[in-house]
Structure formats: C-alpha cells, structure tokens
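Summary of structural features
Each chain, letter by letter, is given below.
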Amino acid sequence: MRRLRNDRSGGARVLWRTLPMIAGVILGGLLGVAFAAIIDVPRIDTLADFRPSLVTQLLDANGQEFADFARERRFLLAEDRVPEVLQQAILSGEDSNFFSHGGVDATGVARSLLKNLRRGRESQIGGSTLTMQLARKLYLTREKTWRRKIEEAFLTVEIEKNFSKQQILTLYCNVMYLGHGNYGMEAAARNFFGKPASELKPAEAAALVGILQRPSDYSPYRRPDLVVARRNYVLGRMREEGYLTNEAHQVAIEEPLLVRPPQNETQLAPYFAEEIRKSLEERYGSDALLENGLQVRTTLDPQIQQAAERALREGLIRLDRRRGWRGPARHVDLEDPGAQLESWNFLPPGEIELGKWVEGLVENVDGRSAEIRIGPAIYELDATGIRWTRKSRPRDVLRVGDVAWFRFESTGKDGGRSLQLLQEPELEGAVLVLESASGAVRAMVGGWDFERSKFNRATQARRQVGSAIKPLVFGVALESGYTLADTFFDAPAGFPGPTASIDYSPRNYYREYYGITTMRRALELSMNVTSVKVLDLVGADRVVDFAHRAGVRSDIQPYPSLALGAADLSPLEVAASYASIANHGLYVEPYLVESVQEPDGHLLEFHRMQASKAMDPQIAFLLTRALEGVVDRGTAAAAKNLPLDLAGKTGTTDDFSDAWFVGFTPRFTLLTWVGHDVKRPIGRNMTGAQAALPIWLEMVETGLAEGWLQEGESFVAPPGIVEQPIELLTGFLPAPGAERVIDEAFVEGTEPVLTWDESWQRVMELPWYQQRAFYLPKAGERMPEDVEDWTPILEAWGRD
C-alpha cells in the first residue's frame, strides 16, 4: 500500500514537472498556427473597395421589376437604410453583444468551447459574431477547425479596426446567403415576401434571420415548419432583448408564414426577358450582365402582357381540346417510395388559386368521380371536369397512379369552384402587341411555355404568312393610282411561274369565284386569284420593295405566289409592317429597351427612334379603310361588333399549318399566330379566322375591360382624303334604290363620277376591242378615250 502511494505521488511529481513542457508545446503549436494564419490574412483595406456582384434588373414601363439576371441575386442596402426591425432581428438571433464587443465575443467563445469540450469533438466550433461570420463569408471557407477559427479571429479584429459597426452590419446584410439564389437581406425580402426590406414586419424579418443558420435546410418552400420554428426562436430573443412587447411578440408568433411562389413559376414575360438578355450580353458581355447590376427600363406593359399570355394559353387550350384527350402526363407506381417525392407533394397548403395549373395524382377512381391528390389535400374530379374529353365517366380517361394537370375554375355560383382536367397543348403560338406610333413592344409571347421551349416564335420563327401579306400587294396598286373602287375580274387564270411558263394557277379558298369585283371586296373576302392578278399587274418587284419599306427584313422572292403569302417571315416583321399602315405610312423600328444605366445612375444607352417613310399617309389610310372592311364584312367579321375602330387581315396557308390574324386599333398593332414547330396541319379548316382571330379578339376585349383600349377610338383621315358614297359591289356611284352603299375613301381627285348604268353606256360606245377590257374600267374622268391608253390592260387580258 505504501509502495502504491509512493508510486502515485511520484507520478504526480512527474506530471507537474512535465506540465509546463506540454503547455509550452501546445502554446507553441497554437502560436505557430496563429503565425501562419497572420501570414495568410488578406489585406483588409481592400474591403473598402469591395463591390459584390449585383442583380441586373429588367423594369417594365411602370418602373416595376419583372425579371433579373445575376450570378448572385443581390440588391444593396445603403449604410443608413438597414431597417430597424431587421437590425433588431439580426442582433437578437445572431449577436446580441455586437455593439459592445471588439469583434470576438469572449463570453460567447468560452461558452462554445465548454459546450464542445463536453461533447469531446473538435469539429463543432461555434460562438461566431456577426463580424466573424462576415470574415468567413468574404475570405475563408466553412471548414469547422481550430485553424480556421484562429484565422477568422485575426481577420475579425482587422475588420473591426478598419470599419465602423454600422458599416460591418450593412455589409453583413448585403453579402450573406439566404438560399434559392438570394444574397443579402434585400434580395431575400423581395423574393420570399415580394416587398423591400424596409417594409418587413417583425415576423418576416425574424424568418429571414432564421434562414441564415442553414439556408439549404431552412427553405420556406420545402420546410416551412423548420423556418417557422427558427423564426419563433428569433422572435423570442427579440422579446428578451426588449425589442418586442409581450403583445407584439404574441401577434408575430401567430402570423402564418406567407411567402410568394418561387419566381420561376410566376415570372412575367419570359420570352421578352430572354430577348433582352441576349441583346445585353451581346453589347456588354456576360460579366457586366450578371454582375454589374444594370438597371434596364423596358417597353413592357405588364397589363397588356398578362392579357396576351392569358389569351394565347386559353386559345391554345381550346384548339387542342378539339383533338381530344391524349392521356395523362405520366403514370407512377404508388408502391414506389420515390413517388412520395413527386412534385404534387410539394405544393404548399392552402386554397389553390383559380386558373393555376397544378399536377395531381389519381389516388382513386370510380364511375362517378375520381380522387385527386394535389399537395396535402384530396379533391374530387366529377364528370363536369372531363366533359371536354367527350367522355362521361372519369374512369374512362384516368386510372389510379396517373399524373395529370388540373386547375380550378369558377362555377359562377356563390363562389363555387370545380376541378378541371387539363393537358398541355401540342400546338404553339405567338402574340405581339406594338405601339404603332413609337414602335414600343408592349407585349411579347413566344410560345406556350418558356420552360417547355425557349425558342421565341415571335422573333425567331420564319413562317409562311398566307393572305396576311395581301395588304402589301394592294398597297402597291393604290400607290400606282388604283382606287378601292376599281374593279377586277375574279375568275380562274394562269400565270408564269419560276420557269417563265404558264404553270401557276391559283384558286380561291372555297373554289368560289366572284366575277367583276372591286379591289375592296377582293381584300375583304381574301380572293386569291384577284390578289395574284393585282401583283402581276403592278409587278412583283415593286411589291417586294413596298414590303421592305413597310418593315419586312427577310428576303422575298418576286414570284406570283408571293401574293398568297409564299414568303417566310417572322411575326415581328409582319407586325411591324402593319404598324406602318396604322402609323400613317411611317415605319418605326420595333424596340424593347428604353434605357440602360449603372447602379450609380450613369446612363449607358437610351432609345432613339429609328423611323423611315414606308408610304404616303393617304395610301396608308386607304389600306386602313380596306382592312376595316375585312372586320366589318369580310373574313374577320367576328370582330365587327366591338365598340372601337378595328382593321386587320386573316392569314392561312394552303395546308392549314399556319393561322394568322394581324390587326390594329388607332393606337396598337396586335398579332397572333398559331401552328406547330414542325410544319403540319393545325386541324381541318383551321383558318386564321378560326384559330388565330379568337385569341386576338380575347386580347381586345380584355383591353376594353381593363382600359388600355378605349371605346370610341377611331382612325383619323389625313389631308387629301375625301369620302364618296359608292355601290359596294360595283364601285360606282349609287343608282336610285341601290341597297349596298358605303362611304368609300379616295385620294382627292380620284373619286368616281358615274353610276354603273352610265359607265356601261360609255363602254358600249367604245370599239369592240376596247369593250373586251370592260372588267377593268377606270372610274369617271380617268377612263381612257383612245386605244393606246388601253394597251397595258389588253396585254393583261391576253395573259389570262
């Protein structure tokens, strides 16, 4: 026993003798690490010039952001603009002693060391102050080791020596990551809550601070329960620090976590934004686009854009439903554990907004209804929700395990809602709205869904335009001295094709021919044969030149078939050419960007109008009046009852693969196109009037309801235009008792002075060889009196 006691006392003496040596070794090691850390400490003075990458914002015509581009989504808070409630939440949740310590909170570090020593692990090292977190974010890694902690401490001291507390807090607010691509509190506030940081409530500020701890785990979309728990902890600390009263704390605790949907689900005008992105990247480079925080003011009108997107989607759905139900999007095995991770389970709880497309899983189906899981809830799909499929029972179209698209629609009765089965259309489409006088593109939709296809059909597609090109053909005739009352003979005819032989024989759409007809009626009813005759008479080269002056930039071949739209054009250039007509003959180049400036306000560019004369104002007005007739009595008569002046033209290709309607009001030019990316028929008899015009009409009706189109808007005639009553079918002065009489517009001096009977009497007085050309009489005093003047007309007759 004595020996054992002696051995213990001897061991103690040895331990006491060696303890200084051990301490020296440990201290030396720590000093060595510290010395190495000092060597690696970056220069803190560069922090004064630190410029984090910023978000390039696209602003609509009202100055509101609708899209952004960035490597790191960040909006800077100025030093004096950190909201008080946000500052209080940060201090309470992350560093309550921030304004009293020198960067390293000794109490907090000691508390963290004791906690980690009890756990026996070196890897869990806490006690970070705001300044330490900032140092780690800017200069170090997130590696949890003693070496990193020591480096962090030295950096922290240097930062505290060189910057004020408010500067450090502001920088902290601007650089910390909060998940989902958001860097800084301002970006997170806008993205999660749809408001700037200055408008945050205590509960919202506490939620952002709660996310800071582990942004990848604390996602308000994936794990709102974790975010709420962490938010409530921060709110409790705010009460303990005296920032919240008990009453305010209770109110904040009871607030639900209301975050707006992820931006990629709700982004307005993605095709419009992508068009601008490509342009900016080409001019300034990708680094400037993604890092410099450019402020880009655009021409986008969000109200018009929403109307365009909604009209196109609903129009394509209507057309697609005519083809019937093609089946669910996919099928899953409900026994598969992976099925629990599918998208329908991530929809947040709460009532689904009307019209929102959501994926649903069929969990049960019988003869009367089907049970559809959407998010955490089960909904019933009855026979009314599948009526468009032409089936009467849900089990005829769905089975358990099917995944399909659904949406809720209003029943119109006491706020009732019904679940509707949907399918993605195979069709594509495009919509454009231009402000005719300025060229500003107010809306652009390039397809059904940007995520499905980023190909912008409004600007990149080249499609045959069908009869939508006819106004440009007739415009040349009006420039050549013809009037809308002049007559042509609508009957089968042959024309020289590319080989110069008579091998091209156009036909009217319904194989119906109208005989003697006016130029106005030929355009209103879209007569193919007469259109080719007009092109042949005035010359295809002149039509090509007129089209280029009006805004067409693509190459066009001067063949007779050009009169029927045998030219591949983009919707944007077609819309621009019609805008030239609407704008009194002045072509204005379409544009999307008003200005680009840097964050400090330095202006990099601003829009300068590019304009040129396309045609005389009088010619433009005559075309406008003719296109009004298309709406009043022609192929677009479905729009005739709308309470404002409208003018436009349908377009259809031979095999119904492309359907167009291009029209304008006194202020806007609107275009709709429908078709497949790979050329194939839309459907039987799917003309421009059937497929494209209803989409156009829905936009106009929405514009009238929302006020961006005004009732009573009318086209104004320029000087040099006179109106004269004429018979619609003959183009002559009305005889007594004539029924179809209209007020026709003429360039002053070209109006008719004869009735049909008087004209016929004049013709009968001519020699027989001149009578053969009676189907091309010139009104009134313009009728030639000698054979030489009739020679070009007789030559045209011979070619027929």
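Provided above is the structure to which this section pertains.
Because the structure is predicted, anything quoted here is derived from the model rather than measured.

What follows is about the overall build of the chain. When you go through the chain residue by residue, the secondary structure sums to 24 helices and 28 strands. Of all 800 residues assigned to the chain, the portion counted as buried reaches 51%. Put simply, the chain shows about 37100 Å² of open surface, and 50% of that area lies on carbon and sulfur atoms.

With respect to the secondary-structure elements, Met699 resides in helix α21 (residues 688–706). If we ignore the near neighbours within four places in the chain, the residues touching Met699 are Ala307, Ala308, Ala311, Val431, Val433, Leu670, Thr672 and Trp708.

Further remarks concern helix α19 (residues 571–582). Across its 12 residues, α19 extends 16 Å between first and last C-alpha, which sits within 8% of the 16 Å expected from 1.5 Å per residue. Of all the 12 residues making up α19, 12 are buried; the element is thus mostly covered by neighbouring parts of the structure. Taken residue by residue, α19 has Pro571, Leu572, Glu573, Val574, Ala575, Ala576, Ser577, Tyr578, Ala579, Ser580, Ile581 and Ala582 as its buried positions. Looking one or two residues past α19, His584 carries a phi angle of roughly 60°, positive in sign.

Running from amino to carboxyl end, helix α15 (residues 470–479) crosses helix α17 (residues 528–538) at an angle of 45°, the nearest separation of the two axes being 9 Å. Accordingly, the angle class assigned to the pair α15 and α17 is oblique. With respect to the hand of their crossing, α15 and α17 are arranged in left-handed fashion. Along the contact surface, α15 presents Lys470, Val473, Phe474, Val476 and Ala477, while α17 presents Asn528, Ser531, Val534, Leu535 and Val538. Looking at the contact of α15 with α17, its residues break down into 7 nonpolar, 2 polar and 1 charged.

As a further point, take the nonpolar core. Residues Leu58, Phe272, Leu432, Trp696 and Val700 are the most contacted members of the largest nonpolar core, which totals 125 residues. What Leu58 contacts, discounting residues up to four positions off in sequence, is Gln64, Glu65, Phe66, Ala67, Phe69, Ala273, Ile276, Leu280, Val296 and Thr298. One finds Val82, Ile168, Tyr218 and Val234 within the second-largest nonpolar core, a separate group that totals 45 residues.

You can see Glu628 is positioned in helix α20 (residues 617–633). The contact partners of Glu628, leaving out residues within four places of it in the chain, are Asp645, Leu646, Ala647 and Phe715.

A separate point is helix α12 (residues 270–284). With 15 residues, α12 extends 21 Å from end C-alpha to end C-alpha; this agrees with the ideal 21 Å at 1.5 Å per step. Among the residues of α12, those classed as buried are Pro270, Tyr271, Phe272, Ala273, Glu274, Ile276, Arg277 and Leu280. Backbone geometry just after α12 places Gly285 at a positive phi near 90°.

Moving on, we come to the environment of Leu434. Examined against the element boundaries, Leu434 turns out to sit in strand β12 (residues 428–435). Sequence separation between Leu434 and Ala575 is 141 residues; the distance between their C-alpha atoms is 7.5 Å. Apart from residues no more than four positions distant in its own chain, Leu434 is found in contact with Ala440, Val441, Leu572, Ala575, Ala576, Pro590, Arg667, Phe668 and Thr669.

Moving on: unusual backbone geometry. In this structure, His180 takes a positive phi of about 55° despite not being glycine. The residue His180 is located in the loop between α6 (165–175) and β4 (182–183) in this model. Positive phi values are uncommon outside glycine, yet Arg390 reaches one of about 65°. Along the polypeptide, Arg390 turns up in the loop between β9 (377–381) and β10 (402–410). On the accessibility criterion, Arg390 (57% relative accessible area) is exposed.

Attention shifts here to the packing of helix α2 (residues 84–94) against helix α9 (residues 224–240). Closest axis-to-axis distance for the α2/α9 pair is 8 Å, and the angle between their directions is 100°. On the basis of the axis angle, α2 is roughly perpendicular to α9. Two secondary-structure elements touch here, α2 through Val85, Gln88, Ala89, Ser92, Gly93 and Glu94 and α9 through Arg230, Val234, Arg237 and Met238. For the contact of α2 with α9, the class distribution of residues is 4 nonpolar, 3 polar and 3 charged.

With that out of the way, let us pick up the pairing of β12. Summarising burial for β12: 8 of the 8 residues are buried, a large majority. Burial of the side chains of β12 extends over both faces: Glu428, Ala430, Leu432 and Leu434 are buried on one face and Gly429, Val431, Val433 and Glu435 on the other. Note: β12 against strand β26 (residues 668–675), 8 bridges, orientation antiparallel. Bridging from a neighbouring strand, Val431 pairs with Thr672 of β26. Across 4 bridges, the pairing between β12 and strand β13 (residues 441–445) is antiparallel. Counterpart to Leu432 in the pairing with β13 is Met444. Linking two consecutive strands that pair antiparallel, namely β12 and β13, is a turn of 5 residues; a positive phi of about 85° is found at Gly439 within it.

Now for the sheet that holds strand β21 (residues 593–597). Pairing within the open sheet is mixed, and its 5 strands lie in the order β2-β1-β5-β21-β22. Taken across any chain shown, the strands that pair with only one partner, and hence form the sheet edges, are β2 (65–69) and β22 (603–606). On average, each strand axis in the sheet is inclined to that of its neighbour by 15°, with strand direction left out of account. Both β21 and β22 contribute to a ladder of 3 bridges, which runs antiparallel. For Gln597, the partnering residue across the bridge sits in β22 and is Leu603. Across the sheet, α12 touches β1 (56–59), β2, β5 (295–298), β21 and β22, and the angle it forms with β2 is around 45°.

This part takes up the sheet that holds β13. Pairing within the open sheet is antiparallel, and its 5 strands lie in the order β13-β12-β26-β25-β24. Whereas interior strands pair on both sides, the edge strands pair on one side only; in this sheet they are β13 and β24 (647–652). Pairwise comparison of adjacent strand axes, ignoring direction, gives a mean angle of 5° for this sheet. Strands in contact with α20 are β24 and β25 (658–664); relative to β24, the strand with the most contacts, it is inclined by about 65°.

On to a negative patch on the surface. On the surface, a cluster of negative charge is contributed by Asp366, Glu371, Glu380 and Asp382. Along the chain, Glu371 falls in strand β8 (residues 370–374). We classify Glu371 as partly exposed; its relative accessible area is 37%.

Cut-offs applied
Residues numbered from 1 in each chain as written. Predicted model: local features only at pLDDT ≥ 70, side-chain atom pairs only at ≥ 80, totals over all residues. Heavy atoms only, no water. Helix = DSSP H or I, 4+ residues; strand = E, 2+ residues; numbered from the N terminus. Buried < 20%, exposed > 50% of the residue type's maximum accessible area, 1.4 Å probe, protein only. Areas by Shrake-Rupley, 256 points an atom, 1.4 Å probe, with all protein chains shown as cover. Contact = heavy atoms within 4.5 Å. Expected span 1.5 Å × (residues − 1). Axes fitted to C-alpha atoms, helices over the stretch in contact; angles between N-to-C directions. Parallel < 35°, antiparallel > 145°, perpendicular 65-115°, else oblique. Left-handed = near helix turned anticlockwise from the far one by under 90°. Nonpolar A, V, L, I, M, F, W, Y, C, P; charged D, E, K, R; others polar. Core = buried A, V, L, I, M, F, W, Y, C linked by side-chain atoms within 4.5 Å. Pairing = 2+ DSSP bridges. Patch = residues over 30% accessible without salt bridge, like charges linked within 9 Å, V, L, I, M, F, W, Y side chains within 5 Å. Salt bridge = Lys/Arg side-chain N within 4 Å of Asp/Glu carboxyl O. Lys, Arg positive; Asp, Glu negative; His and termini not counted. Charge placed at Lys NZ, Arg CZ, Asp CG, Glu CD.

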